[in-house]
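Listed below, chain by chain, are the residues.
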Amino acid sequence: MPDRRLSWLLAANAVGNLADGIGKVAFPLLAATLTRDPVQIGALSATQFLPWLLLGVFAGTLADRVDRKRAVLLANATRAVVVGLTALLVYTGTLSIWLVYVAALLLGAAETVAESAGNAMIPALARPDQLESANSKFQGAEILGQTFLGGPIGSLTFAVFAAFPFLLNSAGFAIAAALLVGLAGSFRPKTRAEPTRLRTDLVDGLKWLVHHPLLCRLVVIAGLISFASEMAQAQLVLYALEDLGLSEAAFGLFTFVGGIGGLAGAAVAPRLVRRAGRRPVLVAGIFAGGVGFGAMGLVHQPIASAALFGLFAAAVVAVNVVLATARHTLVPSELLGRVLGVWRTVVWGAIPLGALAGGALTQVLGSASATFAVSGGAQIALAALAVLLLWRFSMDREPVSSS
């Protein structure tokens, strides 16, 4: 039987992801009311993920030194306050694009702590043979909250009045923090008998990852996927509003289809892994995501584009389930926060770079559709690269190492 505390963590994660999903639609829509400059729109996504470049490794190291539950709780409480203040500024009409960037930066900083510590808690509550299923559930909760529910709620409430989704966003993070209070037990990782310096712990985690041949390759692949896919994703609001001619409310429904695809990916990923193995599912997922985005760049019919966006979402969730399970299986618990910090720094740190590149590409090529086509082609090429990098490794039989 799985640890019942996993349900508490999953519930807190689900509510937090719903809040995140509302914000991920509301913030770009808010930015689009202040500017239609594709570079400034792309800069918003870049600003949200910039903290992963600056703080990701530090946040992961902290997650290996403190009680992980308390770290997530405090991070969610901080996000509730920041978004609540943003709602107030929107309501009073005193918000500028630069203040939107400040809010995004603060939320991103709190997210580095919440994601690093929260993800590191999963192996403490799930047996090794349950990790694929547990990661699938967490991926499903993320997609359900961020896209399937959060997107439509964010866009529809924004259409009612602009401050509404930010109020809901703030309340969601507050509830997520409160749910963690019900999670019994301590989640402080094992530490060495003698205290070590923060810098020493950080270097140890980095060295462990660099010297693990499989995980090192996986983090490179994941970072390149993030860069290539974010080139297009950061331009999604312009693609929907300008290239497809959708309204702000319809934009949320467009992302709703992506949520359906994401849920489908989370549902089938464990079964696909059991039948085909992790490496084939990983490569096929990268390829399918590239096909989805590439075709979106060539199709300008809303229903067909939404279906292709759903294909991308299903593929990326399957890829994420494989990568998350590989991390939880291969990394010792006492190093997990640090390795996750390095991983997230590379993978999520690539997101702002991809967002800025996508904004510049849209400006040069003249449309977001062209950027989607380039992004799709790049992801297809990455699928071929993954085959070359991973052909010597059996991702299904790799042992856990504590060295």
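The structure displayed is predicted, hence computed values, not measured ones. (Residues numbered from 1 in each chain as written. Predicted model: local features only at pLDDT ≥ 70, side-chain atom pairs only at ≥ 80, totals over all residues. Heavy atoms only, no water.)

### Description of the overall build of the chain
Item 1. Assigned secondary structure in the chain consists of 14 helices and 0 strands.
Item 2. Listed N to C, the secondary structure of the chain is α-α-α-α-α-α-α-α-α-α-α-α-α-α in terms of helices and strands.
Item 3. Rg of the C-alpha trace for the chain: 20 Å, near the compact-globule value of 22 Å for 403 residues, within the 12% margin.
Item 4. Dimensions along the principal axes, computed over C-alpha positions, put the chain at roughly 60 × 45 × 40 Å.
Item 5. Counting over 403 residues, the chain shows a buried share of 55%.
Item 6. Expressed as a percentage of contacts within the chain between residues at least 6 apart in sequence, the contacts between residues at least 24 apart total 88%.
Item 7. Of the accessible surface of the chain, which amounts to about 16300 Å², a share of 67% is contributed by carbon and sulfur atoms.
Item 8. The average position of the 28 basic charges and that of the 20 acidic charges among the side chains of the chain differ by 8 Å. (Helix = DSSP H or I, 4+ residues; strand = E, 2+ residues; numbered from the N terminus. Rg over C-alpha atoms; globule rule 2.2 N^0.38 Å. Buried < 20%, exposed > 50% of the residue type's maximum accessible area, 1.4 Å probe, protein only. Contact = heavy atoms within 4.5 Å. Areas by Shrake-Rupley, 256 points an atom, 1.4 Å probe, with all protein chains shown as cover. Lys, Arg positive; Asp, Glu negative; His and termini not counted. Charge placed at Lys NZ, Arg CZ, Asp CG, Glu CD.)

### What about the packing of aromatic side chains?
Item 1. For the structure shown, the criterion picks out 9 aromatic pairs.
Item 2. Members of the aromatic cluster, joined through ring pairs, are Tyr 239, Phe 254, Phe 293, Phe 309, Phe 312 and Phe 372.
Item 3. If you follow Arg 327 out to its NZ or CZ, it ends over the ring of Trp 343, 4.9 Å from the centre. (Phe/Tyr/Trp six-rings, centres within 6.5 Å; stacked < 30°, edge-to-face > 60°. Lys NZ or Arg CZ within 6 Å of the ring centre and 35° of its normal.)

### Details of the packing of helix 11 (residues 278–296) against helix 12 (residues 302–330)
Item 1. Contact geometry for helix 11 and helix 12: axes closest at 8 Å, N-to-C directions at 155°. By the angle between their axes, helix 11 is roughly antiparallel relative to helix 12. Along this stretch, helix 11 crosses helix 12, giving a crossing that reads as left-handed. Residue-level contacts link Arg 278, Val 281, Leu 282, Gly 285, Ile 286, Ala 288, Gly 289, Val 291, Gly 292, Phe 293, Ala 295 and Met 296 of helix 11 to Ser 305, Leu 308, Phe 309, Leu 311, Phe 312, Ala 315, Ala 318, Val 319, Val 322, Leu 323, Thr 325 and Thr 329 of helix 12. (Axes fitted to C-alpha atoms, helices over the stretch in contact; angles between N-to-C directions. Parallel < 35°, antiparallel > 145°, perpendicular 65-115°, else oblique. Left-handed = near helix turned anticlockwise from the far one by under 90°.)

### A closer look at the pattern of salt bridges
Close approach of charged atoms allows side chains with opposite charge to pair.
Item 1. Tallying each qualifying case throughout the model produces 3 salt bridges.
Item 2. With its nearest N and O atoms 4.0 Å apart, the salt bridge here joins Arg 79 to Asp 20. One end of the pair, Arg 79, is in helix 3 (residues 68–92); the other, Asp 20, is in helix 1 (residues 5–34), with 59 residues separating them in the sequence. Note on accessibility: Arg 79 and Asp 20 belong to one class, buried.
Item 3. Across the pair Asp 64 and Arg 338 runs a salt bridge whose closest N-O atoms are separated by 2.8 Å. (Salt bridge = Lys/Arg side-chain N within 4 Å of Asp/Glu carboxyl O.)

### Re the packing of helix 13 (residues 333–365) against helix 14 (residues 368–390)
Item 1. Where helix 13 meets helix 14, the closest approach of the two axes is 8 Å, and the angle between their N-to-C directions is 125°. In terms of orientation, helix 13 and helix 14 fall into the oblique class. Classified by chirality, the crossing of helix 14 by helix 13 is right-handed. Along the contact surface, helix 13 presents Gly 358, Leu 361, Thr 362 and Leu 365, while helix 14 presents Ala 368, Ala 370, Thr 371 and Val 374.

### Focus on the side chain of Arg 327
Item 1. Among the secondary structure elements, Arg 327 is positioned in helix 12.
Item 2. Of the side chains with opposite charge, Glu 115 lies nearest to the buried Arg 327, which makes no salt bridge, at 7.6 Å.
Item 3. Residues within four places of Arg 327 in sequence aside, it is in contact with Asn 119, Leu 215, Leu 336, Leu 340, Trp 343 and Arg 344.

So yeah, pure geometry; function would need other evidence.
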